[in-house]
Amino acid sequence: MTSSQKPVGQASGDALTSLFGRTKVVIGVVHLAPLPGAPRYEGEAVEAIYQRGLDDAKAYLHGGCDGVIVENHGDIPFSKPDDIGPETAAYMSVVSDRIRRELGRPIGINVLANAAIPALSIASASGAGFVRVNQWANAYVANEGFIEGEAARAMRFRAKLRANGIKIFADAHVKHGAHAIVADRPVEEQVKDLVFFDTDAVIATGQRTGHAADLGYIRMIKEAAGLPTLVGSGVTPENVNDILDIVDGVIVASSLKHDGVWWNAVDLKRVEAFIAGLRR
């Protein structure tokens, strides 16, 4: 191997520092309202959907968050990657571009469920810096059925777009699913699979949206990853400092919404209080 070659399974640089200029970051999640084509969409004007997403992003960033992830969380029930229509990528590209242009901060894209290729398309079109992929390697059984890792297809697609600068944030042992298929391999080994398949950052979660993971479990994932690691569910003002003592960042939504409910609008006062309470 020459000095210019990257070792197999080693991401280049620190993804959080390159995106945000720091570690110990706080990333808010913009849960978009149901988009046209989704079962819960009832004909709302797309401009209203875009404005709601932009308003939530403003509340996160004006309140002190370092960036946001734009996510089609209103498109319940989620489709498998190959069943997601081009309309989802089109609408998400528009709102993501507006958020990035107006706020000038790093944004990420997550297309549910596990749609890495649409997410990379949106990120490339909108100038987003990273995508979140819930199952990057291996496979599991989710609410949507059998979900396979998208690393091989997604990395080739990213190369095709000449968009290798878009970072990959991959979940380890992701929430909302059963991992019995790979239960013969320790979670640590599954985390190392993410590293081997060139993820840039690893995300630890609890069992479902809003559920906090055990600190020992979070520490195990961080140690196995050897990469920037974030916690992506169940982060609250009460536990965030203990979590940030272990990992490099948090992804937070529910506890920063009005009444602490994920489908409500972001509460600026909650965001400000959350950021004010950090020890970072």
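Our structure is the block above this text.
Going along each chain's sequence as written, the residues are numbered from 1 onward. For a predicted model such as this one, the threshold for reporting local features is a pLDDT of at least 70, and the threshold for listing and counting side-chain atom pairs is 80 or more; totals across whole chains, interfaces and linings nevertheless cover every residue. With hydrogens and water set aside, each side-chain value is computed from the structure's full complement of heavy atoms.

1. Here's the deal with the packing of helix 6 (residues 187-196) against helix 7 (residues 215-225)
At a minimum axis distance of 8 Å, the contact between helix 6 and helix 7 shows a crossing angle of 45°. When the axis of helix 6 is compared with that of helix 7, the two are oblique. Like other packed secondary-structure pairs, helix 6 and helix 7 cross with a definite hand, here right-handed. Here Val187, Glu188, Val191, Lys192 and Val195 of helix 6 lie close against helix 7, whose contacting residues are Met220, Ile221, Ala224 and Ala225. Interaxial angles span 0 to 180 degrees and are taken between N-to-C directions of axes, which are lines fitted to C-alpha atoms, for helices over the stretch in contact. Helix and strand assignments come from DSSP, with helices taken as H or I runs of at least 4 residues and strands as E runs of at least 2, each series counted from the N terminus. The cut-offs work like this: below 35 degrees is roughly parallel, past 145 is roughly antiparallel, 65 to 115 is roughly perpendicular, and the gaps in between are oblique. Helix crossings get a hand from a simple test, with the near helix turned counterclockwise from the far one by less than a right angle marking a left-handed crossing and a clockwise turn marking a right-handed one. Any two residues whose heavy atoms approach within 4.5 Å are treated as being in contact.

2. Examining the side chain of threonine 88
Inspection of the secondary structure assignment puts threonine 88 in helix 3 (residues 86-103). Discounting residues that sit within four places of it in the chain, threonine 88 has contacts with Leu35, Asn72, Asp75 and Val111.

3. Describing the pairing of strand 6 (residues 145-148)
For two strands to be treated as a pair, DSSP must find no fewer than two bridges joining them. Taken together, the 4 bridges between strand 5 (residues 139-142) and strand 6 define a ladder with antiparallel strand orientation. Of the residues in strand 6, the one forming a bridge with alanine 142 is glycine 145. The antiparallel pairing of strand 5 with strand 6 creates a hairpin that spans 2 residues between the two strands.

4. Re a nonpolar patch on the surface
What makes a patch is a set of residues exposed beyond 30% relative accessible area and free of salt bridges, joined within 9 Å when like-charged and within 5 Å when nonpolar (Val, Leu, Ile, Met, Phe, Trp, Tyr). Each accessible area is a Shrake-Rupley estimate made with a 1.4 Å probe; only the visible protein chains count as cover when residues are assessed. Salt bridge, as applied in this entry: a Lys or Arg side-chain nitrogen positioned within 4 Å of an Asp or Glu carboxyl oxygen. Where nonpolar side chains cluster on the molecular surface, the patch consists of Val141, Phe146 and Ile181 and spans about 250 Å² of accessible area. Mapped onto the fold, phenylalanine 146 is located in strand 6.

5. Section: the nonpolar core
Here the nonpolar core consists of buried residues drawn from Ala, Val, Leu, Ile, Met, Phe, Trp, Tyr and Cys, with membership extended through side-chain atoms lying within 4.5 Å. Classification of residues uses two cut-offs on accessible area relative to the type maximum, computed with a 1.4 Å probe and protein chains only: under 20% is buried, over 50% is exposed, and between them is partly exposed. The biggest cluster of nonpolar side chains holds 86 residues, and the ones touching the most others in it are Ile109 and Phe169. Ranked by the residues each element gives to this core, the list is headed by helix 2 (residues 46-62), at 7 residues. Setting aside anything within four residues of it in sequence, one finds isoleucine 109 in contact with Ile69, Val70, Met92, Ser96, Ala119, Ile122, Ala123, Ser126, Ala128, Phe130, Val131 and Arg132.

6. Points about unusual backbone geometry
Cis geometry marks the peptide bond from isoleucine 76 to proline 77, where omega comes out at -10°. Mapped onto the elements, proline 77 comes out in the loop between strand 2 (67-71) and helix 3. The residue after leucine 112, namely alanine 113, is reached through a cis peptide bond having omega 10°. Its place among the elements puts alanine 113 in the loop between strand 3 (107-110) and helix 4 (116-126). Unlike most non-glycine residues, asparagine 138 shows phi in positive territory, near 65°.

These results come straight from atomic positions and should not be treated as a statement about function.
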